[in-house]
Amino acid sequence: VEIPSFKYNCWDFVFTCVGLPLFVLDVVLDVLAAVSFYKERAYVYLGVLVLFLLGSSLLTQAYSWLWYSYDDFERKTKVEKLPSPRQLKLLHVFQLGIYFSRHTGSSADEQEPDSESIAVSLNHDLSMLRIIETFAESAPQLTLMLTIILQQVLKAVGSASAIAFAVTTYHRSLRSFLVDKKKQNITSSVIYFIWNLVLISSRLTALALFASVLPCFIFAHFICSWLVLFFFAWRSKTEFMESPCGEWLYRATVGLIWYFDWFNVAEGKTRYRTVLYHGYMLTDICILCAVWCWKMSTDPPDFVIEPTYALITAVCVVVVYILGLILKVIYYKSFHPNLDSDEQQSVDQVDFRMMSSATEVSAHYNKRMRKLAKNFYS
């Protein structure tokens, strides 16, 4: 069976280059938003924002530390080897582990054997960490920003772009496991970005509309929805982490991601699971928009919108979600690789421990993304 090669092409380089300024922009806008809340004495919003930032950081650092422990602290780049395991633990405790080890380590020294393969495989872990951080921070944060959209338009746009771009980067990372890279060209990534942006924008807008009239109930809505989604993640029998506690943490994280967007976590055909999920999401969005219209007509908040305009707004949110579903169908019909049995076997059998010692370095990092790629292309 032919083994897929792990090489950067020009588009992967472009995605990597664009990702850094977007990350810096997101950090700058986070600081500006926090300062704005403080100056306006909006301490509740400030507290919620800090909660999102700290919670997402703790979650991603926990995953990074668990993955190092699963790998028996085997680090193959010069930068990663600098701290001892004890120092590495302290870096993660102080929320610096990912930046000092994984981000800097992903730019491997070109003089090291198989440096490009090591850099690509480290980037695979980083793409998964970005997904977790995106849905633990940017998605909830964007919901908060849309609730007070007149004051935070710039941050809302930045968060929306960061979410869709993180999902697309993850999509490009999975492409490494395809033997024939041409089966997933840049056009497929563009379509993938668009339909994710449309679906996520509609979902978050519905949540923001609901939170604008019933701010206290949005937390109850999240907890109830998360419990349902967490149950289905458990029923999916995921096998992503290497310890029982880690697997339960992963399933809880999947429930968080599913609250905002679909994320394939199980092997096999996912058509019925995807239809069930989007049916649930579409129903939920309709209910959220209906409650918002009802509150705007019976007990409007500080701002008033004519009932007709409120109804038009709610219908537009639902229609946009349906449009996103249509784009998603077009993607899977025309752009998503349909692997034959031989190609699927090549994804299944990418066990790098049978390769040379240099390639074996990158294999241990890639096994998590191999599982996700197997799910994504099955």
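Residues numbered from 1 in each chain as written. Predicted model: local features only at pLDDT ≥ 70, side-chain atom pairs only at ≥ 80, totals over all residues. Heavy atoms only, no water.

Chemist: What should I look at first to understand the overall build of the chain in this one?
Modeler: The helix and strand inventory of the chain stands at 14 helices and zero strands. Starting at the N terminus and walking to the C terminus, you meet the elements of the chain as α-α-α-α-α-α-α-α-α-α-α-α-α-α. Relative to its 378 residues, the chain shows a buried fraction of 50%. Pairs at least 24 residues apart make up 75% of the contacts formed inside the chain by residues separated by at least 6 positions. (Helix = DSSP H or I, 4+ residues; strand = E, 2+ residues; numbered from the N terminus. Buried < 20%, exposed > 50% of the residue type's maximum accessible area, 1.4 Å probe, protein only. Contact = heavy atoms within 4.5 Å.)

Chemist: Just to check I follow, could you spell out the nonpolar core for this structure?
Modeler: Grouped burial of nonpolar side chains is what soluble globular proteins tend to show. Membership of the largest hydrophobic core comes to 59 residues, with the highest contact counts inside it found for Tyr63, Trp67, Met128, Tyr250, Trp258, Phe260 and Phe263. Those elements that provide at least two residues to this core are helix 2 (43-70), helix 6 (115-147), helix 7 (153-174), helix 8 (186-213), helix 9 (217-235), helix 10 (244-258), helix 11 (271-298) and helix 12 (307-334). Element by element, the count of residues in this core is highest for helix 8, at 11 residues. Aside from chain neighbours lying at most four places away, what touches tryptophan 258 is Leu229, Phe232, Ala233, Ser236, Phe263, Val265, Tyr277 and Met281. Judged by nonpolar contacts, the second largest core, of 10 residues, contains Phe37, Leu46, Phe52 and Ile148. (Core = buried A, V, L, I, M, F, W, Y, C linked by side-chain atoms within 4.5 Å.)

Chemist: What should I look at first to understand unusual backbone geometry in this one?
Modeler: For residues that are not glycine, phi is negative in most cases, and the peptide bond is trans in most cases. Look at arginine 41: it is not a glycine, yet its phi comes out positive at around 60 degrees. Locating arginine 41 in the fold gives a position in the loop between helix 1 (10-39) and helix 2. Residue class for arginine 41 comes out exposed when judged on its relative accessible area of 66%. Positive phi outside glycine occurs at glutamine 95, with the angle close to 65 degrees. With respect to the helices, strands and loops of the structure, glutamine 95 is situated in the loop between helix 4 (85-93) and helix 5 (97-105).

Chemist: Looking at this structure, how should I read the side chain of histidine 278?
Modeler: Mapped onto the fold, histidine 278 is located in helix 11. Residue histidine 278 is classed as buried on the basis of its relative accessible area of 6%. Here tyrosine 321 takes part through its side chain, which lies 2.9 Å from a polar atom of the side chain of histidine 278. Setting aside its immediate chain neighbours within four residues, histidine 278 contacts Leu199, Trp262, Tyr321, Leu325 and Lys328. (Polar contact = N/O pair within 3.5 Å; in protein donor to acceptor, adjacent residues only side chain to side chain.)

Chemist: What am I meant to see in the state of the cysteines here?
Modeler: As used here, a disulfide is simply a covalent bond connecting the sulfur atoms of two cysteines. For the structure on display, the rule yields zero disulfides. Free of any disulfide, cysteine 289 has its nearest neighbouring cysteine sulfur in cysteine 293, separated by 6.9 Å. What makes cysteine 289 buried here is its relative accessible area of 2%. (Disulfide = S-S within 2.5 Å.)

Chemist: I would appreciate a short explanation of the packing of aromatic side chains in the present structure.
Modeler: Within a pair of aromatic rings, the relevant descriptors are the distance that separates the centres and the angle that separates the planes. Scanning all chains against the criterion turns up 21 aromatic pairs. Their ring planes at 50 degrees and their centres at 6.2 Å tell us that tryptophan 195 and tyrosine 331 sit as a pair that is tilted. With tryptophan 195 in helix 8 and tyrosine 331 in helix 12, the pair connects residues that are 136 residues apart, well separated along the chain. Each member of the pair, tryptophan 195 as well as tyrosine 331, is classed as buried. Consider the rings of tryptophan 195 and tyrosine 332, whose centres lie 6.5 Å apart with planes at 45 degrees: the pair is tilted. Separated by 137 residues along the polypeptide, tryptophan 195 in helix 8 and tyrosine 332 in helix 12 bring together distant segments of the chain. (Phe/Tyr/Trp six-rings, centres within 6.5 Å; stacked < 30°, edge-to-face > 60°.)

Chemist: What exactly am I supposed to notice about the environment of isoleucine 305 here?
Modeler: If you trace the backbone, isoleucine 305 turns up in the loop between helix 11 and helix 12. Taking the C-alpha atoms as reference, isoleucine 305 lies 9.5 Å from cysteine 293; in sequence the two are 12 residues apart.

Chemist: What should I look at first to understand the environment of leucine 51 in this one?
Modeler: In this fold, leucine 51 is placed in helix 2. A relative accessible area of 57% places leucine 51 in the exposed class. Note: C-alpha distance between leucine 51 and glutamine 141 (90 residues apart in sequence) is 9.8 Å.

Chemist: For this particular structure, what's the right way to read helix 10?
Modeler: Turn by turn, an α-helix covers 3.6 residues, leaving residues three or four places apart pointing in a common direction. For helix 10, spanning 15 residues, the distance from its first C-alpha to its last is 21 Å, which sits close to the expected 21 Å at 1.5 Å a residue. Taken together, the buried positions of helix 10 are Gly246, Glu247, Tyr250, Arg251, Thr253, Val254, Gly255, Leu256, Ile257 and Trp258. (Expected span 1.5 Å × (residues − 1).)

Chemist: Explain helix 11 to me, please; I cannot follow it from the model alone.
Modeler: Taking 1.5 Å of rise per residue, the 28 residues of helix 11 would be expected to cover 40 Å, and the 40 Å separating its terminal C-alpha atoms lies within 8% of that figure. The set of residues buried in helix 11 consists of Thr274, Tyr277, His278, Met281, Asp284, Ile285, Leu288, Cys289, Trp292, Cys293, Lys295 and Met296. Packing partners of the buried residues in helix 11 comprise helix 8, helix 9, helix 10 and helix 12.

Chemist: Just checking my understanding: could you explain the UniProt feature "transmembrane region" (unreviewed entry) in the chain for this structure?
Modeler: As annotated in UniProt, the feature "transmembrane region" (unreviewed entry) corresponds to residues 13-35, 42-68, 148-170, 190-211, 217-234, 275-297 and 309-331 in the numbering used here. Taken as a whole, residues 275-297 contains 100% helix and 0% strand, while its terminal C-alpha atoms sit 33 Å from one another. (UniProt positions renumbered as here; feature names shortened; annotations may be inferred.)

Chemist: Explain the packing of helix 2 against helix 4 here, please?
Modeler: Helix-helix packing is characterised by the crossing angle of the two axes and by the distance between the axes. The interhelical angle for the contact between helix 2 and helix 4, taken along N-to-C directions, is 165 degrees, at an axis separation of 10 Å. Looking at the two axes, helix 2 sits roughly antiparallel to helix 4. The two elements helix 2 and helix 4 cross, and the hand of that crossing is left-handed. Of helix 4, the residues touching helix 2 (which contributes Gln61, Ser64, Trp65 and Tyr68) are Pro85, Leu88, Lys89 and His92. A class-by-class count of the residues in the contact of helix 2 with helix 4 yields four nonpolar, three polar and one charged. (Axes fitted to C-alpha atoms, helices over the stretch in contact; angles between N-to-C directions. Parallel < 35°, antiparallel > 145°, perpendicular 65-115°, else oblique. Left-handed = near helix turned anticlockwise from the far one by under 90°. Nonpolar A, V, L, I, M, F, W, Y, C, P; charged D, E, K, R; others polar.)

Chemist: What's the story with the environment of isoleucine 186 in this structure? I'm lost.
Modeler: Along the chain, isoleucine 186 turns up in helix 8. The spacing of isoleucine 186 and tryptophan 11 is 175 residues in sequence and 7.3 Å in space, taken between C-alpha atoms. Apart from the residues within four sequence positions on either side, isoleucine 186 is in contact with Trp11, Phe15 and Arg172.

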